Amino acid sequence: MRKKMWKLILFTVGSLFPTSYYPLGDVGKKFRYFCASRVVEEIGENVNIERGSIIQNSLKIGDNSGIGVKCVLGDVVIGKNVMMGPECLIYSTNHYFDKKSLSFHGKTESKPVVIEDNVWIGARAIILPGVNIGKGAIVGAGSIVTKNVPPYSIAAGNPAKIVKKLIE
């Protein structure tokens, strides 16, 4: 019950404070961190959760990582030094599809998303259930990631494809 209360405070009151890069943004950053630390499973030092973001209780996030404005995160493990642009959607469940009745219903079993250390996720990227984003990878803005992204590579597009390797 307490987690629900803190989550509500985080989403409502936390959204009233400006983003971290505006005047008084540091106050908002500290307030949102305080609330989030009472909601999530694990949170590192110097984590920035921007205004309007929706997070799940199962979230694990490492030191110096940031969640952009109005992001929606399901069951996610985020490493250290991860940058996330605004309005990213990271899903860990889907809906069942019944071929006989041609209808959608319920939710599938949760498949956590893992984002390793030193990853940069561009604005409005969508990451689907069970995907692993490797260490040092970059996901381009607006990309829809349906498969794992290897370490030190750039994935972009719809569906996202590896467009460049940062280390040969």
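The shown structure was predicted, so the numbers you read here are calculated from the model rather than taken from an experiment. (Residues numbered from 1 in each chain as written. Predicted model: local features only at pLDDT ≥ 70, side-chain atom pairs only at ≥ 80, totals over all residues. Heavy atoms only, no water.)

**Student:** Give a detailed account of the overall build of the chain, specifying residues and quantitative values.
**Tutor:** When helices and strands are tallied, the chain shows two helices and 18 strands. What you see for the chain is a C-alpha radius of gyration of 16 Å, in line with the 15 Å of a compact globule of 168 residues. For the C-alpha atoms alone, the extent of the chain along its principal axes is close to 45 × 45 × 25 Å. Counting across all 168 residues of the chain, residues that qualify as buried make up 36%. Restricting the contact set of the chain to residue pairs at least 6 apart, pairs at least 24 apart contribute 23%. Just so you have it, the chain exposes about 9,600 Å², and 59% of that area is on carbon and sulfur atoms. (Helix = DSSP H or I, 4+ residues; strand = E, 2+ residues; numbered from the N terminus. Rg over C-alpha atoms; globule rule 2.2 N^0.38 Å. Buried < 20%, exposed > 50% of the residue type's maximum accessible area, 1.4 Å probe, protein only. Contact = heavy atoms within 4.5 Å. Areas by Shrake-Rupley, 256 points an atom, 1.4 Å probe, with all protein chains shown as cover.)

**Student:** I'd like a description of the sheet that holds strand E16 (residues 144-145), backed by residues and values.
**Tutor:** The parallel open sheet is built from four strands, whose spatial order is E5-E8-E13-E16. Taken across any chain shown, the strands that pair with only one partner, and hence form the sheet edges, are strand E5 (72-73) and E16. Pairing analysis gives two bridges linking strand E8 (residues 89-90) to strand E13 (residues 126-127), with the strands arranged parallel. Looking at the pairing, leucine 89 lines up with isoleucine 126 of E13. (Pairing = 2+ DSSP bridges.)

**Student:** Describe in detail the pairing of strand E18 (residues 160-165), supporting the description with residues and values.
**Tutor:** Pairing of strand E17 (residues 153-157) with E18, which is carried by five bridges, proceeds in the antiparallel orientation. Each bridged residue has a counterpart across the sheet, and for serine 153 the counterpart in E18 is lysine 165. The loop that links E17 with its antiparallel partner E18 comprises two residues.

**Student:** Tell me about helix H1 (residues 2-16), residues and numbers included.
**Tutor:** With 15 residues, H1 should cover 21 Å at 1.5 Å per step; its first-to-last C-alpha distance of 21 Å lies within 8% of that length. The largest bend along H1 reaches roughly 25° and is located at leucine 10. For H1, every residue scored as buried is listed here: Leu10, Gly14 and Ser15. Where H1 is buried, its residues contact helix H2 (25-37). (Expected span 1.5 Å × (residues − 1). Bend = angle between axes of the 7 residues up to and from the residue.)

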